[in-house]
Amino acid sequence: MTDEPSVRRASADEPLDALAALQAETFLRPWSVDAIRQELRDSPVARVYLLETPRRLLGFCACWVVAGELHINSLAIAPDVRRQGHARRLLQAVCAEAAAAGATAATLEVRRSNQPAVALYTALGFTIEAVRRDYYEQPTEDALILWNRNTAASLR
Ligand SMILES: CC(C)(COP(=O)(O)OP(=O)(O)OC[C@H]1O[C@@H](n2cnc3c(N)ncnc32)[C@H](O)[C@@H]1OP(=O)(O)O)[C@@H](O)C(=O)NCCC(=O)NCCS
């Protein structure tokens, strides 16, 4: 059995407990398994991609592909396997899938203080295009709005 990670699209009908656990470990207000499942069932634009080995979940990306745009709503890599290129690999796969579905641009919002995420997105060709003042709560903080207007460029 190889431990090589691979990316696949999650289904609403599969167990999503590992994904919920990683969300809970990472975010202050994580989505429940039911909420993730419901979004995947009810929204035709919602997708969740999993980066995993046969043994475990390494990370995930929740997004929408809508109106020719990829909206990255949530992204996390398990704390013990960060800085190994997993987020880069996952995002490149997500951008490739979105591009295949017709997306030409990608966007997301991120806390101003989240330097690892800003560095990751910048490395993948995103630029800061706007700021939403005091957008986040607990703690109150600005949101940076990043865009990549040429999603194919994220594949390099
Ligand atoms: C942000 C996050 C997804 C990065 O995942 P990762 O797998 O560690 O990132 P990668 O190893 O693929 O890093 C790719 C590049 O991003 C940048 N980067 C990633 N983490 C960084 C850090 N801690 N400090 C500085 N740059 C960083 C670097 O440019 C890195 O390339 P390099 O390692 O060759 O220098 C991860 O830290 C995480 O899950 N954080 C908590 C959740 C979160 O903040 N999600 C984003 C919300 S929008």
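Higher on the page you've got the structure.
In this convention, every chain numbers its residues from 1, walking through the sequence in written order. Only residues with pLDDT of 70 or above have their local features reported here, since the model is predicted, and side-chain atom pairs are shown and tallied only from 80 upward, although totals for entire chains, interfaces and linings are computed over all residues. Hydrogens and waters are ignored; side-chain quantities use all the structure's heavy atoms.

*Asks:* What am I meant to see in the side chain of arginine 37 here?
*Replies:* What counts as a helix is a DSSP run of H or I of at least four residues, what counts as a strand is a run of E of at least two, and both are numbered from the N terminus. On the secondary structure map, arginine 37 appears in helix α2 (residues 33-42). Burial classes follow relative accessibility: with a 1.4 Å probe on protein chains only, a residue under 20% of its type's maximum area counts as buried, one over 50% as exposed, and anything between as partly exposed. Charge counting treats Lys and Arg as positive and Asp and Glu as negative, with His and both chain ends excluded. Between Lys or Arg on one side and Asp or Glu on the other, a salt bridge is scored when a side-chain nitrogen of the former is within 4 Å of a carboxyl oxygen of the latter. Although buried, arginine 37 forms no salt bridge, and the nearest oppositely charged side chain, aspartate 34, lies 4.8 Å from it. We call two residues in contact when some of their heavy atoms are within 4.5 Å. Those residues in contact with arginine 37, other than ones at most four positions away along the chain, are Ala12, Asp13, Glu14, Pro15 and Leu16.

*Asks:* Looking at this structure, I do not really get helix α3 (residues 86-100). What am I missing?
*Replies:* Residues lying three or four places apart along an α-helix face the same way, a consequence of the helix completing one turn every 3.6 residues. A helix is expected to span 1.5 Å for every residue after the first. The end-to-end C-alpha distance of α3, which contains 15 residues, comes to 21 Å, matching closely the 21 Å that a straight helix rising 1.5 Å per residue would cover. Those residues of α3 not exposed but buried are His86, Ala87, Leu90, Leu91, Val94, Cys95 and Ala98. One face of α3 carries all of its buried residues, which in axial projection span an arc of 160°. Here the buried face of α3 lies against β1 (6-9), β2 (46-52), β3 (57-66), β4 (69-77) and α4 (115-123). The directions from the helix axis to the C-beta atoms form the arc being described.

*Asks:* Explain the nonpolar core to me, please; I cannot follow it from the model alone.
*Replies:* Across soluble globular proteins, you tend to see nonpolar side chains buried next to one another. Throughout, nonpolar core names a set of buried Ala, Val, Leu, Ile, Met, Phe, Trp, Tyr and Cys residues whose side chains join them through atoms within 4.5 Å. In terms of nonpolar packing, the biggest core is built from 45 residues, with Leu70 and Tyr121 touching the most fellow members. Looking at this core element by element, the count peaks at seven residues for β3. Leucine 70 has contacts with Cys63, Trp64, Val65, Val94, Cys95, Ala98, Ala103, Ala105, Ala106 and Thr107, leaving out every residue within four places of it along the chain.

*Asks:* Which parts of the structure should I look at to understand the sheet that holds strand β6 (residues 127-136)?
*Replies:* Across a sheet, paired strands are connected by hydrogen bonds in the backbone, their directions being either parallel or antiparallel. As summarised here, the arrangement of the seven strands in space is β1-β2-β3-β4-β5-β7-β6, forming an open sheet in which the pairing is mixed. Bordering the open sheet on either side are β1 and β6, each of which pairs with just one other strand. The sheet shows a mean angle of 25° between the axes of neighbouring strands, direction not considered. Here, a strand pair is defined by DSSP locating no fewer than two bridges between the strands. Bridge count between β6 and strand β7 (residues 141-148): six bridges; the pairing is antiparallel. Counted as the bridge partner of alanine 130 is isoleucine 145 from β7. Where helices are involved, their axes are fitted lines through C-alpha atoms of the stretch in contact, as for all axes, and angles between N-to-C directions lie from 0 to 180°. Helix-sheet contacts for helix α1 (residues 17-26) involve β2, β3 and β4, and the interaxial angle to β3 is about 95°. Packing of α2 onto the sheet brings it into contact with β2 and β3, and relative to β2 it is tilted by some 125°.

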